[in-house]
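Chains, contacts and geometry: an overview
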There are 2 protein chains.
Amino acid sequence: MPSLSSGEFSLVYNAFSFTFAAMFATFIFLVMSRNNIVPKYRGAIVLSALVVAIAGYHYLRIFESWQAAFVPTESAEGVLTYVATGAPFNDAYRYIDWLLTVPLLVAELVAVMALAPGKKGWLTFRLGLAAALMVILGYPGEIATDTGTRALWGFLSTIPFLYILYELFVGLAPAIRSEKGQAQVLLRNIRLLLLATWGFYPIVYLIPILSGSGALTAGVLIAVQVGYCIADVAAKCGYGLMIYAIARAKSESEPQVTAPLAAAAR
Amino acid sequence: MPSLSSGEFSLVYNAFSFTFAAMFATFIFLVMSRNNIVPKYRGAIVLSALVVAIAGYHYLRIFESWQAAFVPTESAEGVLTYVATGAPFNDAYRYIDWLLTVPLLVAELVAVMALAPGKKGWLTFRLGLAAALMVILGYPGEIATDTGTRALWGFLSTIPFLYILYELFVGLAPAIRSEKGQAQVLLRNIRLLLLATWGFYPIVYLIPILSGSGALTAGVLIAVQVGYCIADVAAKCGYGLMIYAIARAKSESEPQVTAPLAAAAR
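Residues numbered from 1 in each chain as written. Chains lettered and ligands numbered in written order. Predicted model: local features only at pLDDT ≥ 70, side-chain atom pairs only at ≥ 80, totals over all residues. Heavy atoms only, no water.

1. Comments concerning the packing of helix α3 (residues 92–111) of chain B against helix α7 (residues 181–210) of chain B
Residues and elements named next belong to chain B. Where α3 contacts α7, the axes come no closer than 12 Å and their chain directions differ by 160°. Between α3 and α7, the interaxial angle falls into the category roughly antiparallel. In the crossing of α3 with α7, the sense of the turn from one axis to the other is left-handed. Facing Tyr 95, Trp 98, Val 102, Leu 105, Val 106 and Leu 109 of α3, the residues of α7 in contact are Leu 187, Ile 190, Trp 198, Tyr 201 and Tyr 205. (Axes fitted to C-alpha atoms, helices over the stretch in contact; angles between N-to-C directions. Helix = DSSP H or I, 4+ residues; strand = E, 2+ residues; numbered from the N terminus. Parallel < 35°, antiparallel > 145°, perpendicular 65-115°, else oblique. Left-handed = near helix turned anticlockwise from the far one by under 90°. Contact = heavy atoms within 4.5 Å.)

2. Details of the relation of the copies chain B and chain A
Aligned on chain A, chain B shows an RMSD of 0.1 Å; the corresponding rotation is 76° and the shift along the axis is 0.2 Å. On the angle and the small slide along the axis, the relation comes out as a five-fold axis. Of all interface residues in chain B, a mere 5% are interface residues in chain A too; the two copies therefore contact each other through different surfaces. (Least-squares fit on C-alpha atoms with pLDDT ≥ 70 in both.)

3. Topic: the pairing of strand β3 (residues 80–84) of chain B
Residue and element names in this part refer to chain B. Two elements, strand β1 (residues 4–5) and β3, share two bridges in a ladder whose sense is antiparallel. Looking at the pairing, Leu 4 lines up with Tyr 82 of β3. With five bridges joining them, strand β2 (residues 70–74) and β3 adopt antiparallel strand pairing. Note on β3: the bridge partner recorded for Pro 72 is Tyr 82. (Pairing = 2+ DSSP bridges.)

4. Re the sheet that holds strand β2 (residues 70–74) of chain A
Residue and element names in this part refer to chain A. A sheet is described by the order of its strands in space; here three strands give the open sequence β1-β3-β2, paired in antiparallel fashion. Each edge of the open sheet carries a strand with a single partner, namely β1 (4–5) and β2. Running at roughly 35° to β2, helix α2 (residues 39–69) makes contact with β1, β2 and β3 (80–84) of the sheet.

5. Examining the interface of chain B and chain A
Many authors give the size of an interface as the accessible area that is lost as the parts come together. The interface is formed by 22 residues belonging to chain B together with 21 residues belonging to chain A. Here chain B and chain A share an interface that buries about 1900 Å² over both sides, 68% of which is from carbon and sulfur atoms. In this structure, the connection of chain B to chain A is made through zero salt bridges. At the boundary of chain B with chain A, the tally comes to three residue pairs in polar contact (both at pLDDT 80 or more). Of all the secondary-structure elements, those providing two or more residues to the side of chain B that touches chain A are α1 (6–33), α2 (39–69), α3 and α9 (255–265) of chain B. Sort the elements by how many residues they give to the side of chain B that touches chain A and α2(B) lands first, with eight residues. (Buried area = accessible area lost by both parts, 1.4 Å probe. Salt bridge = Lys/Arg side-chain N within 4 Å of Asp/Glu carboxyl O. Polar contact = N/O pair within 3.5 Å; in protein donor to acceptor, adjacent residues only side chain to side chain.)

Okay, here's the thing in structure tokens:
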């Protein structure tokens, strides 16, 4: 691990703190607001709440690991520097988090759509499996120290990602066209949000390769960590709130469904 | 960081503890009382609860950072003094907190008002963006060591603040006039509370300039930290409780709306 200036250490530290705060705030919002949603789509809100709760927990762990990996040391010139303690910064937390949350993210999207129950289960299984494969295949590259290995596993991980995009933009296209009004617009937009945020991860993943040398410089370390924070906030909090907006729009446009189901759920 | 006497260290320490307690107590109150509010205005209560939850979390972090920044040391004369450990006191937490909570505070106010849904979204967006800009522009001045830089960014940060005041006191005036009875009185008052509490932050911000020298003396450090605590309790707990009072007054004066919506949400 490279040594960091006080400002560099704090930037990553504050990015982790911000991400944790965003996750638990979204969790509180979803838990407090789930009753605004008709029971038919409430499952999607529960999944969204799970995602941000799991991610919030892992960010606490990442936060602690970051603190344990560095110790503030005053140099001979009196400048405060954060020097590696030797305790490894545990990046695996992020992959464990993704292994749990990424399949849930695709399940959220299926849960908020108006599909036949049988179709929903099988689609969730296929997309969830692809999402898990994507994360698992990315990991060996993340911990690799040479750029060749990183590129190879990154490439393999891209295959299930492309399958997910195929299902979302081709397979689900007729179902999205059959949705009404605001819900249809939001469903189109959430696919784009998913593409934009999930597309951000490969870019962060490639930073060590793009930076030229395989060495972990302070700049690369900071860019990767802050980059993943931004991607996680958008892909989990932003995405979860959009799932809520879709469920809310559908709750308002399908009032006839509300009454009997609400009565059943009471 | 200057050295502090035992009393000075404890004063700030206790102010942080008090602020954390006030935040989580308000959070519990809002969560436990939200069902007293008709569903139409319940979103405002959820936002109020989010604000105090996020602020409570950041005060815990600020608290920890304050403890880590000083170590109690007995001087040669046997007087207990708190000496800087070298670990920086992380003021950035406060700005991260504000970045999340200040846009939510303006969103609370819009959510509790009787505006057309389309108008609400656009107004929330404009006010939220101005609030975020206000916080972002203030930060470079807060961490600056010279008073000129502090004054410059403070000035820039004031521009979005004035825009928010314009929207609240001019733009929203007709909508507030159309509110009924107690709700109208409370809405007028909450604007004044917002003006008074948000107006307090620039004063705290200016303390290092007003104190003459750019040096961070113990007096300036304490005044800024305790000042921000007072402002945060008033602007988040006090403000959130007032939002609750407005929503409560409107829940009682709009009973015709209550019944069907409450039944649907049950």
